[in-house]
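Report on the structure
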Amino acid sequence: MASFGLTLYSFVYIGLLFCGFCLAGDPFANFELDFSYITASPLGVPQQVIAVNGKFPGPTLNVTTNYNVVVNVNNRLDESLLVTWPGIEMRRTSWQDGVLGTNCPIPAKWNWTYQFQVKDQIGSYYYAPSINFQRASGGFGGFIITNRKVISLPFNTPDGDIVITIGDWYTRNHKELRASLDAGKELGMPDGVLINGKGPFQYNSSVPDGIEHETLNVDPGKTYRIRVVNVGISTCLNFRIQSHNLILAETEGHYTSQQNYSSLDIHVGQSYSFLVTMDQNGTSDYYVVASARFVNQSEWNQVTGVAILHYSNSKSRAAGTLPDPPNDSNDNSFAVNQAMSIRMNVTASGARPNPQGSFRYGSINVTDVYVLKSVPPVMINGKKRATFNGISFVNPETPVRLADNYKVKGSYKLDFPNMPLDRPPTMDRSLINATYKAFVEIVLENNDTVVQSFHMDGYSFFVVGMAYGEWTENSRGSYNRWDAIARSTTQVFPGGWTAILVYLDNVGAWNLRAVNLDRWYLGQETYMRIINPEDDGQKTEMPPPGNVLFCGALAHFQKPQRISTSDALRIEGLLKLKSKILVVFVVVIYMMI
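Computed from a prediction, not measured in an experiment: that's the story for all the values here. (Residues numbered from 1 in each chain as written. Predicted model: local features only at pLDDT ≥ 70, side-chain atom pairs only at ≥ 80, totals over all residues. Heavy atoms only, no water.)

1. Quick look at the overall build of the chain
The line we're drawing: Helix and strand labels come from DSSP, where a helix needs a run of H or I of at least four residues and a strand needs a run of E of at least two; each type is numbered from the N terminus. Here the globule rule reads 2.2 Å times residues to the power 0.38, and the radius of gyration is calculated from C-alpha atoms. Burial classes follow relative accessibility: with a 1.4 Å probe on protein chains only, a residue under 20% of its type's maximum area counts as buried, one over 50% as exposed, and anything between as partly exposed. Residue contacts are counted whenever heavy atoms from the two residues lie within 4.5 Å of one another. For accessible areas, the Shrake-Rupley method is used with a probe of radius 1.4 Å. Any residue's cover is judged against the shown protein chains and nothing else. Two residue types count as positive, namely Lys and Arg, and two as negative, namely Asp and Glu; His and chain ends fall outside the count. To locate a charge, take atom NZ for lysine, CZ for arginine, CG for aspartate or CD for glutamate.
If you tally the helices and strands in the chain, you get seven helices and 33 strands. Since a compact globule built from 593 residues should have a radius of gyration of about 25 Å, the 24 Å found for the chain is in line with a globular shape. In terms of overall dimensions, the chain has C-alpha extents of about 75 × 60 × 50 Å along its principal axes. A buried classification covers 57% of the 593 residues belonging to the chain. Summarising the internal contacts of the chain: among those between residues at least 6 apart in sequence, 78% fall at separations of at least 24. Summing over all exposed atoms, the chain offers an accessible surface of approximately 24500 Å²; the carbon and sulfur share of this is 51%. Separation of charge centres in the chain, based on 48 positive and 50 negative side chains, amounts to 6 Å.

Structure below.
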């Protein structure tokens, strides 16, 4: 009987391949990602890293707007894994978001297939593990969504596209770092900064021999789109290329007004696209630098990533001192002003033909206000924890919307306070009970001692205000209500605040978190639960996928894996197809068996 089932599946799948021309809809992009351990020496010290398809960093995934993306993830690690896709909005399907509040983890030696559509999105993103502190050991790679050909770019088509990952790095692996946090210790200063998974070029005697560095090969006179993503743990990095201007063109899916920068601060989890023209003397190489910001520069001098920009006609190595970072140690307004100088290109088309500025966010009345306050980690029940509004989040054993669908009681609470409360900090499963299609203002107050990145899954939001000091209602007078940049990750400076506006039109359970990996791991997160009470036909939220994993109170529903979940998902897709031609084809094949 089992043999019959597999034979039928094979014929049906072949039928789908041959009959694909008769199916309407957007194209599919299929990827296979194997997560495994390998030994690498990015800073000259052999250590265990997480590779994807045997590579560190993992491969870049390239798709086009509106593509259906199918990613089969094979977990070859010795512990559970989840992969998340920051900035990918997962319209109507938070089931694919890849965080513990929405997905059960993929057990070791299992696989699971993500399937989602990059509906109405373009831009530069990345993927990474979301649990067990695994991002500190790798498992990340770029995720690029290109424009459809019918939608023109707001700049001339570049001569090439270069993806760069940057990030702080420890020679201790994620398990050791995780154990340090569990023991209540700080991680301490990282051991270096990697560029595309490689250590620094030997720009002076402080860099030891034997470290492999990254080389970016370019041709003189050409213009490249250079996409830079900070996939690190907790360090803001200043990115710059010696003697070259960076024309900012896009950030996290939205085209920006094109401004020149000599360098730009890229906070943890943020991504940017720069247009860089190779207009310098190409007889020698140039430095590409990512150096730590908002730290003691004399102590952190060794934490600098250096790659090489190599012109095809270059005759000599880069030499001399590195290009200088911003000289603003006595001017804390510089970083805020630079951040707020990043503006939306309101006349450009994004993923759709209408201008990005056609959504008049500045004229919409705010319906709900949330103030999320962070403070330095505190002790709760003998454990060191991080908090928002005095609550350190504990992930539910049963993911939020899965618990809703199966009517599991007590999995979480809908009582997250919309303002900081004067009470002792607690550990809890408290969620924000958000209103579908509300237009909300979220004020992020950072009373911690370090600069933080804040991310919201499922959405892009408008960064309308940012400053040092205490936020008050009068602060709204400084908001940018016309061309504020829309993005999914923003910085919040210590002793300061950042205000964002967002329209809650995407049903699901969406993670709000500190991207700083130590703070996230220690509980500085929550979720917005957004449901449409009038949706009785599943038009605003898809049902749980057929390959959904079960855990917690629903663990008894989980069956052992016998065939790959990617095959199971294809079978499910076949069964749901409504094309009469395909149905007839399947019936004929069935009768032939």
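Still to come is the rest of the account.
2. What about the state of the cysteines?
Rule in force here: When two cysteine sulfur atoms lie within 2.5 Å, the pair is treated as a disulfide.
Overall, the coordinates contain one disulfide when judged by the stated rule. One disulfide bridge connects cysteine 104 with cysteine 551, the sulfur atoms lying 2.1 Å from each other. As the torsion about the S-S bond is roughly -80 degrees, the cysteine 104-cysteine 551 disulfide counts as left-handed. Of this pair, cysteine 104 sits in the loop between strand 5 (83-84) and strand 6 (111-117) while cysteine 551 sits in the loop between strand 33 (525-531) and helix 6 (565-576); the two residues are 447 residues apart in sequence, bridging distant segments of the chain.

3. What about the packing of aromatic side chains?
Operational definition: Classification of ring pairs rests on two measures: the distance between centres of Phe, Tyr or Trp rings, Trp counted by its six-membered ring, which must be within 6.5 Å, and the angle between planes, read as stacked under 30 degrees, edge-to-face over 60 and tilted in between. Comment: the charge-over-ring label is applied if NZ (Lys) or CZ (Arg) is within 6 Å of the ring centre and within 35 degrees of the ring normal.
Within the structure shown, the criterion is met by 27 aromatic pairs. Three or more aromatic residues joined by ring pairs make a cluster, and in this case those are Trp85, Trp112, Tyr114, Phe116, Tyr127 and Phe143. Positioned above the aromatic ring of phenylalanine 294, the side-chain terminus of arginine 293 is 4.7 Å from the ring centre. Of note, arginine 513 hangs over the ring of tryptophan 520, and the distance from its end group to the ring centre comes to 4.4 Å.

4. Observations concerning the sheet that holds strand 15 (residues 254-261)
Put simply, the rule reads: By the convention used here, strands pair only if DSSP detects at least 2 bridges between them. For helices, the fitted axis covers only the stretch in contact; all axes are lines through C-alpha atoms, and the angles between them, taken along N-to-C directions, range from 0 to 180 degrees.
Spatially, the six strands line up as an open sheet ordered 10-9-12-17-14-15, and their pairing is mixed. If you trace the sheet from one side to the other, it starts and ends with strand 10 (192-195) and strand 15, each paired once. On average, each strand axis in the sheet is inclined to that of its neighbour by 25 degrees, with strand direction left out of account.

5. Comments concerning empty space enclosed by the protein
To be explicit about the condition: Definitions used for this entry: grid spacing 1 Å over protein atoms alone; cavity, a set of points where a 1.4 Å probe fits but cannot get out; pocket, an open set with protein on both sides within 12 Å along at least 5 of 7 lines; lining residue, one with an atom within 4 Å of a point. Grid points are joined across faces, edges and corners, and a volume is the space filled by probe spheres set on the points. In the scheme used here, Gly and all other residues not listed as nonpolar or charged are polar, with Ala, Val, Leu, Ile, Met, Phe, Trp, Tyr, Cys and Pro taken as nonpolar and Asp, Glu, Lys and Arg as charged.
Inspection of every chain in the model, using the stated rule, returns seven cavities of 30 Å³ or more. Here the largest cavity is characterised by a volume of approximately 90 Å³. Surrounding the largest cavity, 15 residues form its lining, Phe140, Gly167, Asp168, Trp169 and Val231 being those nearest its centre. With five residues, strand 9 (residues 160-169) is the single largest residue contributor to the lining of the largest cavity. Looking at the lining of the largest cavity, its residues break down into eight nonpolar, five polar and two charged.

6. A closer look at the sheet that holds strand 25 (residues 432-435)
Taken in spatial order, the five strands make up an open sheet running 25-33-32-27-30, and their pairing is mixed. Both edges of this open sheet fall to strand 25 and strand 30 (489-492), since each of them pairs with a single strand only. The mean inter-strand angle of the sheet, taken between neighbouring strand axes irrespective of direction, is 25 degrees. Where strand 27 (residues 452-456) meets strand 32 (residues 508-514), three bridges bridge the pair, whose relative direction is antiparallel.

7. Here's the deal with the side chain of serine 460
Cut-off, in case you're wondering: Polar contacts, as used here, are pairs of N or O atoms within 3.5 Å; protein pairs need one atom able to donate a hydrogen and one able to accept it. Residues neighboring in sequence count only if both atoms are side-chain atoms.
In this structure, serine 460 sits in the loop between strand 27 and strand 28 (461-468). For serine 460, a relative accessible area of 17% puts it in the buried group. Within polar-contact distance, the side chain of serine 460 engages the side chain of glutamate 89 at 3.3 Å. Beyond its immediate chain neighbours, meaning those up to four positions away, serine 460 contacts Glu89, Glu252, His254, Ala486, Arg487 and Val502.

8. Let's talk about unusual backbone geometry
Outside of glycine, negative phi angles account for most residues, and trans bonds account for most peptide bonds. The peptide bond linking phenylalanine 56 to proline 57 adopts the cis configuration, its omega dihedral lying at -10 degrees. Secondary-structure assignment places proline 57 in the loop between strand 2 (47-52) and strand 3 (61-64). Backbone geometry at glutamate 252 places phi at a positive 50 degrees, although glycine is not the residue there. Tracing the sequence through the fold places glutamate 252 in the loop between strand 14 (246-251) and strand 15.

9. Section: the UniProt feature "domain: Plastocyanin-like" (unreviewed entry) in the chain
Cut-off, in case you're wondering: UniProt positions are given in the numbering used here, feature names are shortened, and annotations may be inferred rather than shown by experiment.
The UniProt record annotates "domain: Plastocyanin-like" (unreviewed entry) at residues 36-149, 161-314 and 398-535. The span residues 161-314 carries 6% helix and 45% strand; its end-to-end C-alpha distance comes to 20 Å.

10. Observations regarding the layout of surface pockets
Its boundaries defined by the atoms lining it, the second largest pocket holds a volume of some 820 Å³. Lining the second largest pocket are 27 residues, with Glu89, Asp120, His254, Arg352 and Phe359 positioned closest to its centre. Along the lines of polarity and charge, the residues of the lining of the second largest pocket split into 11 nonpolar, nine polar and seven charged.

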